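Coordinate analysis (summary)
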Amino acid sequence: MRLYFNSKKLWNLIIIILLILSTWSISAFISPHKKKQPIAGETLIVEKFIQRNLQNNVGLIRTNITSRKDVYLSETVGLWLEYLVAKNDLTQFQKQIEVLKNYFLTDDYLVIWELQGSKKATANAFIDDLRIIDALFTAGKQWNASEYTSLAQKMSKQLISYQTVNNLMVDFIDLKEKTKGQDLTLSYIIPTGFEQMKHAGLLPENIYQETKNLLFNAPISELGFFPKKFSIVQEDYIFDQKVNLIDQLYTGYHLAKWGGNVSELLTFIKTAYSHSKGKLYGQYDGITGKPIVQYESPAVYALAILMCYEVGEDDFANKLYKRMKKLQYKRTNSPYNGGYIDVHTKETHTFDNLLALLAERRVLDEKDFRQ
């Protein structure tokens, strides 16, 4: 009997050890997607700059700290929420959702695009509503938070109901009269937003497919540029003569996320980068391809980085990242430390800082993935 008792204890001990080793093994070889999840509370210096200089005591984030310090945009809300999901920061996400509800969200579950002091704009911006919806759906899954999924569903239903013309979402609607624009800017098409609404059973197949086709079938200029928008009235694509690189890279990034071909735009970006000795500028001539401004934008580099990672151009993305970081102000004893700002004029823009923040988060996640 004693021998049997000891054997039983031995087998129980072996089983416990095996279970411990098994658990350790699963943790050690966790999937790359799980490994890429950022650690909540990890704060980048540009995030601290935004909190210190651009975010007020109720959580609103101003457009800049000079001429538009009392202007707040739904674009900012969407980008900030997108970042907080990527960072896995539930605490700040919850606070920003309160900002959304208190200042931007209408009774129709649409989002005003601009707040000037206490004066609210009378229209929305499709890309901002869509980005916020996308962040809410992701947050609902990531944190198992049904309230975010529910809000995303309510916003989706209203957006689809009010924002559609001929099976396409238009750029804006009048929030009171519900009159609609007649164009769809291609850079407004966020694939993950469409995918999440479709997956939730809210987006009709014809709207999903026609939007995707619109992006995939867009003609490309000889230089590799996408059209700026699609006119629903004219049923035709419209190109800009003065090409804003932010629009182009947004469109390229979104198309790449859907698995589309962005090789021609990438070729232009690489050529422009090479000809300018490692720089990209904000605008280019649509015919000659030459820069028509001499300013660099952190947002341009950020979007180029994001697009490059989508198509496996990691080495070029890292070069762009190094250039972007050179535009960042770094003085540890300064309140502007970490910001993309001209400290002499105090010129900065929340858009530049937020996109740079998103790009840096992606760079760090990619490096973590490869380790």
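Here the structure is a predicted model, which is why all the values come from computation and not from measurement.

Some details on the packing of aromatic side chains
Across all of its chains, the model carries ten aromatic pairs by this definition. Measuring from centroid to centroid gives 5.0 Å for Phe-93 and Tyr-148, while their planes differ by 75°, and the two rings are edge-to-face. Highlighted residues: Phe-93 in helix α5 (residues 90-104) and Tyr-148 in helix α7 (residues 146-163), separated in sequence by 55 residues. Accessibility expressed as a relative area gives 5% for Tyr-148, which makes it buried.

Points about the sheet that holds strand β7 (residues 229-231)
With antiparallel pairing, the three strands of this open sheet are ordered in space as β6-β7-β8. Each edge of the open sheet carries a strand with a single partner, namely β6 (183-185) and β8 (236-238). On average, adjacent strands in this sheet sit at an angle of 25° to one another, irrespective of strand direction. Pairing between β6 and β7: three bridges, direction antiparallel. Following the sheet pairing, Asp-183 is matched in β7 by Ser-231.

Regarding the sheet that holds strand β2 (residues 114-116)
Judged by pairing direction, the sheet is antiparallel, and its three strands sit side by side in the order β1-β2-β3 without closing on themselves. Sheet topology places β1 (71-73) and β3 (119-120) at the edges, where each strand pairs with a single neighbour.

Let's talk about the confidence of the model for the chain
Averaged over all residues, the pLDDT of the chain equals 91, while 88% of them reach at least 70. Low pLDDT, under 50, characterises residues 1-5; the predicted model gives this stretch zero contacts beyond four residues in sequence or across chains. Note that pLDDT drops below 50 for residues 15-36; the model gives that stretch eight contacts with residues more than four away or on any other chain.

What about helix α11 (residues 263-275)?
An ideal rise of 1.5 Å per residue puts 18 Å on 13 residues; α11 measures up with 18 Å between its terminal C-alpha atoms. When α11 is considered as a whole, its buried residues turn out to be Leu-265, Leu-266, Phe-268, Ile-269, Ala-272 and Tyr-273. The arc that holds every buried residue of α11, seen down its axis, measures 160°, which confines them to one face. Exposed side of α11, more than 90 degrees from the buried face: Ser-274 and His-275 are the residues found there. The positive-phi residue at the C-terminal boundary of α11 is Lys-277, with phi of around 55°.

Digging into the pattern of salt bridges
Inspection of the entire model under this criterion finds 17 salt bridges. Measuring nitrogen to oxygen at the nearest pair gives 3.3 Å for the salt bridge that ties Arg-131 to Glu-82. With Arg-131 in helix α6 (residues 126-142) and Glu-82 in helix α4 (residues 74-87), this residue pair connects regions lying 49 residues apart in the sequence. We classify Glu-82 as partly exposed; its relative accessible area is 30%. The partner of Lys-270 in a salt bridge is Glu-313, and the shortest N-O contact between them spans 2.9 Å. With a gap of 43 residues between them, Lys-270 in helix α11 and Glu-313 in the loop between α12 (298-310) and α13 (314-326) connect regions that are remote in the sequence. Since its relative accessible area comes to 23%, Glu-313 is described here as partly exposed. Here the residues in one salt-bridge network are Lys-257, Glu-310, Arg-362 and Glu-366, joined through shared partners.

Rules used throughout
Residues numbered from 1 in each chain as written. Predicted model: local features only at pLDDT ≥ 70, side-chain atom pairs only at ≥ 80, totals over all residues. Heavy atoms only, no water. Phe/Tyr/Trp six-rings, centres within 6.5 Å; stacked < 30°, edge-to-face > 60°. Helix = DSSP H or I, 4+ residues; strand = E, 2+ residues; numbered from the N terminus. Buried < 20%, exposed > 50% of the residue type's maximum accessible area, 1.4 Å probe, protein only. Pairing = 2+ DSSP bridges. Axes fitted to C-alpha atoms, helices over the stretch in contact; angles between N-to-C directions. pLDDT = per-residue confidence, 0-100. Contact = heavy atoms within 4.5 Å. Expected span 1.5 Å × (residues − 1). Arc of directions from axis to C-beta. Salt bridge = Lys/Arg side-chain N within 4 Å of Asp/Glu carboxyl O.

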